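So you can see what is in the structure, the chains are spelled out below.
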Amino acid sequence: MDIKQSHLALDWAYDRPLLAVRVAPDGLQAVTSAEDSTLQRWVLATGEKVVLKGHESWVHALRYSADGQQLVSGGCEGRLIWWSIAEAEPKPVRTIEAHAGWIRALDLSPDGTRLVSVGNDLVIRLWDMASGEKVAEWVGHEKHIYSVLFHPDGQHLLTGDLGGKLQMWNIASQQIVKSFDAKPLHTYEGGQRVDFGGVRGMALTTDGAQLLAGGLHKGTNPLGAVHEPLLLRFSTSDCTLLKSHVSDGIPGGVIWRVCTLPDNTSVAACGGSSGGFLLFFNAESEKDIHRFQLPALARDMDWHAATERVLTVHHDHHLRVTNLFAKSST
């Protein structure tokens, strides 16, 4: 892996703007969602796609099962759908009316047995991945929950909301065990009367010692898309803020998702009025250590470690694959 050798490798187009993306565990396929309320399963090598219909609204949350045989999608109508995603013609396995309003994020437990969903109704819900049965639910946020992440120990999870409240929960007791102050990611613009920003993406370093939270700051004109990307770095042991990573020269951008690479470098997808970027950060530098400009505004991203590829989806209808290694000489 060499981030400074990053280059576009694949570029496939749909006929509507794309919203979210997740790559299959084997790295051969991916699923995206689009503004026509459908999903698209792509064969990455060829661009062959199958369109899946089942939601009545946009889909922002996607999660593959550990074995890659199923995919769960969460729509803005509050519906969770399990899909037989590995079949030639994927079909819904089950449909659950799971939340009141938008489902913002999903995550899968490290052992692959439980799914967590969060959204605008402020409720955290746990589901049995195999049966779809609800295992638990609780509340603990006052603003829309934008992101959720299982801790690698499987006993805790993290949730982040619009107001910059970021909490670690003990799943068994449903109690907060740690709180991180991510308020720099939140803006209230009094003239426009807009709450804006929030914890848009989270990731833990490979050793679990640090927590990353991405979003935006300097939201001087939220409705005009004037705001800059910001990545906060916390110590997970004592919740202290270690770094506020900024990216100069991007006056219109949001970090929509962040992932940790094997060497503990982090890659973030940034999109907004300034265009699209992959931004790279490490623990030592205050600013991004490398940036790769994408051809259009990016909305979501996923990372596949075995192939060293980043997948991004864009407002210009495209799914793009960026290789984080040098181009082949052949």
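The preceding data block contains the structure.
Conventions and cut-offs
Residues numbered from 1 in each chain as written. Predicted model: local features only at pLDDT ≥ 70, side-chain atom pairs only at ≥ 80, totals over all residues. Heavy atoms only, no water. Helix = DSSP H or I, 4+ residues; strand = E, 2+ residues; numbered from the N terminus. Salt bridge = Lys/Arg side-chain N within 4 Å of Asp/Glu carboxyl O. Buried < 20%, exposed > 50% of the residue type's maximum accessible area, 1.4 Å probe, protein only. Core = buried A, V, L, I, M, F, W, Y, C linked by side-chain atoms within 4.5 Å. Contact = heavy atoms within 4.5 Å.

Considerations on unusual backbone geometry
Backbone phi values are negative for most residues with the exception of glycine, while trans is the configuration of most peptide bonds.
Phase 1 of the analysis: Even without glycine at this site, S37 takes up a positive phi of about 70°.
Phase 2 of the analysis: Here S37 lies in the loop between β3 (29-34) and β4 (39-43).
Phase 3 of the analysis: The backbone of L122 shows a phi angle near 70°, a positive value even though the residue is not glycine.
Phase 4 of the analysis: By secondary structure assignment, the location of L122 is in the loop between β11 (114-119) and β12 (123-128).

A closer look at the pattern of salt bridges
Phase 1 of the analysis: Under the defined criterion, the tally for this structure stands at 16 salt bridges.
Phase 2 of the analysis: Here R79 makes a salt bridge to E56, at a shortest N to O gap of 3.8 Å. Of the two residues, R79 sits in strand β8 (residues 79-83) while E56 sits in the loop between β5 (49-52) and β6 (59-64), which places them 23 residues apart along the sequence.
Phase 3 of the analysis: By relative accessible area, R79 is classed as buried at 12%.
Phase 4 of the analysis: The class for E56 is exposed, based on a relative accessible area of 63%.
Phase 5 of the analysis: In this structure, K287 engages D248 in a salt bridge whose closest nitrogen and oxygen atoms are separated by 2.6 Å.

Digging into the nonpolar core
Phase 1 of the analysis: Counting 16 residues, the largest nonpolar core has L158, L166, F180, L211 and F234 as the members making the most contacts within it.
Phase 2 of the analysis: At the level of elements, β16 (165-170), β20 (201-204), β21 (210-221) and β22 (226-235) are the ones that each hand at least two residues to this core.
Phase 3 of the analysis: In terms of residue count, the dominant contributor to this core is β22 (three residues).
Phase 4 of the analysis: With residues up to four places along the chain from it excluded, the contact list for L158 reads S147, V148, L149, L166, Q167, M168, F180, M202, L204 and L211.
Phase 5 of the analysis: Membership of the second largest hydrophobic core comes to 14 residues, among which are C259, L278, L294 and W303.

Considering the environment of G154
Phase 1 of the analysis: With respect to the element layout, G154 can be found in the loop between β14 (145-150) and β15 (156-161).
Phase 2 of the analysis: You can call G154 buried: its relative accessible area is 6%.
Phase 3 of the analysis: For G154, the contacting residues outside a window of four places in its chain are P110, R114 and I171.

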